[in-house]
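Fold and geometry: a report
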Amino acid sequence: MNLVQSPVRTVFMGTPEFAVPFLAALVDSVFDVVGVVTQPDRPKGRGQTLASSPVKDWALSRHLPVVSPNSLRSEEGRGFLKEWTPDLIVVVAYGKILPEEVLGFPKWGCINVHASLLPKLRGASPIVWAIRNGETVSGLSLMVLDRGMDTGPVLEQTRILLDPQETVPSLTRKMIDVGPGFLVDGLLKYLSGSVAPVPQRGGGTLAPILRKEDGRIPFETSSRVVDAHVRAMNPWPGAFFGSSLGMIRVGSGQVLEESSVAGIPGKLLAMGRSGIDVACGVGSYRILTLQREGGKMIGAGDFLAGYRFGKDEILGDLPDKALKSPSVT
């Protein structure tokens, strides 16, 4: 049943592929999407050719007005407000903090979909950090944006279970499967008055934006943490370590042993077609697929057919200068 008496003038703000199904759900429902705001075109690929965001591409394909302001803090950047006069702004992975002039403009406020169960994992990378932290449950929160970083009151939440071998792509897929319907249903309830914003309570945790150096594999921790790290840091910035062969990126692996101390963290324990076994602070970890700089991700057996680490080598950190190289990504 339609709980909204008349179409609500809605502006959508989003940027990556993740946001596209949410925009599509709004367009295909009772909301009157009068315009779309997304990040400016960015250089992409080896040729650094300017490329538009997935949200922009989709919006233009549906003949929706699109703007890509460099900043929302100038009157020019916020010109879409006066042009489109939205009653509601919906935000999904837009990528910028909204200034007060935007937050206070629409009658129904700015409603955001955040990919965690707030107040857990506030910030730019909640999907990554849910996996990296070993969470067994995450979810989506529909919230009213305020001046803080994901600190506004919550309207609705939905829980999503994480599998033991969850990856960023698989968890993202789960959220896309349930998210668009969750958004539309929650908005209809909010606009009809059947749900109201509830302030967040309890201590929040953070999911900060990722840096290249965050990908370094922490062999000094337990093998279970290493496994979570590898699953969380792919595809970006990649899970990697330094070695006599240079920077090595790990695509996948498994916990081999998780209770005893196997040796110096990072020490190679065994190498063979089944994998490359590495000692961790507690337990050991088997690398199944890996990649040299400039090469392809391949199985451990194929890798060892062409390359060999030093005997009793201890895998470890990269020099700072290596982390600044584009090849790390």
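Right, let's walk through the structure included here.

Here's the deal with the packing of aromatic side chains
- On inspection of all chains with the given rule, the structure shows seven aromatic pairs.
- Relative to Tyr307, the ring of Phe303 lies with its centre 5.2 Å away and its plane at 45 degrees, an arrangement referred to as tilted.
- We classify Phe303 as buried; its relative accessible area is 1%.
- Summarising the aromatic geometry, the rings of Phe303 and Phe309 are spaced 5.9 Å apart at their centres and angled 25 degrees between planes, so their arrangement reads as stacked. Side by side, Phe303 and Phe309 carry an identical accessibility label, which is buried.

Some points on the nonpolar core
- In terms of nonpolar packing, the biggest core is built from 72 residues, with Phe12, Leu26, Phe31, Phe241, Ile276 and Phe309 touching the most fellow members.
- Those residues within four positions of Phe31 in sequence are excluded, and the remaining contacts are Val8, Thr10, Leu26, Leu88, Val184, Leu187, Leu188 and Leu191.

Considerations on the sheet that holds strand β8 (residues 137–144)
- Strand order in the open sheet formed by seven strands is β5-β2-β1-β6-β7-β8-β9, with mixed pairing between adjacent strands. On the outer flanks of this sheet lie β5 (66–67) and β9 (154–161), each paired with one strand and no other.
- In terms of strand pairing, strand β7 (residues 110–114) meets β8 through four bridges, oriented antiparallel. Among the inter-strand pairings, Val113 is bridged to a residue of β8, identified as Leu142.
- Set on the sheet, helix α6 (residues 168–192) makes contact with β6 (88–92), β7, β8 and β9; between it and β9 the angle comes to about 155 degrees.

Some remarks on the packing of helix α1 (residues 20–27) against α6
- As a packed pair, α1 and α6 sit with axes 9 Å apart at the nearest point and diverge in direction by 40 degrees. Judged on the interaxial angle alone, α6 and α1 are oblique. Crossing of α1 over α6 shows right-handed handedness. Across the interface between the two elements, Pro21, Phe22, Ala25 and Leu26 from α1 touch Met175, Ile176, Gly179, Pro180, Leu183, Val184 and Leu187 from α6.
- Considering only residue class, the contact of α1 with α6 consists of 10 nonpolar, one polar and no charged.

The rules behind these values
Residues numbered from 1 in each chain as written. Predicted model: local features only at pLDDT ≥ 70, side-chain atom pairs only at ≥ 80, totals over all residues. Heavy atoms only, no water. Phe/Tyr/Trp six-rings, centres within 6.5 Å; stacked < 30°, edge-to-face > 60°. Buried < 20%, exposed > 50% of the residue type's maximum accessible area, 1.4 Å probe, protein only. Core = buried A, V, L, I, M, F, W, Y, C linked by side-chain atoms within 4.5 Å. Contact = heavy atoms within 4.5 Å. Pairing = 2+ DSSP bridges. Helix = DSSP H or I, 4+ residues; strand = E, 2+ residues; numbered from the N terminus. Axes fitted to C-alpha atoms, helices over the stretch in contact; angles between N-to-C directions. Parallel < 35°, antiparallel > 145°, perpendicular 65-115°, else oblique. Left-handed = near helix turned anticlockwise from the far one by under 90°. Nonpolar A, V, L, I, M, F, W, Y, C, P; charged D, E, K, R; others polar.

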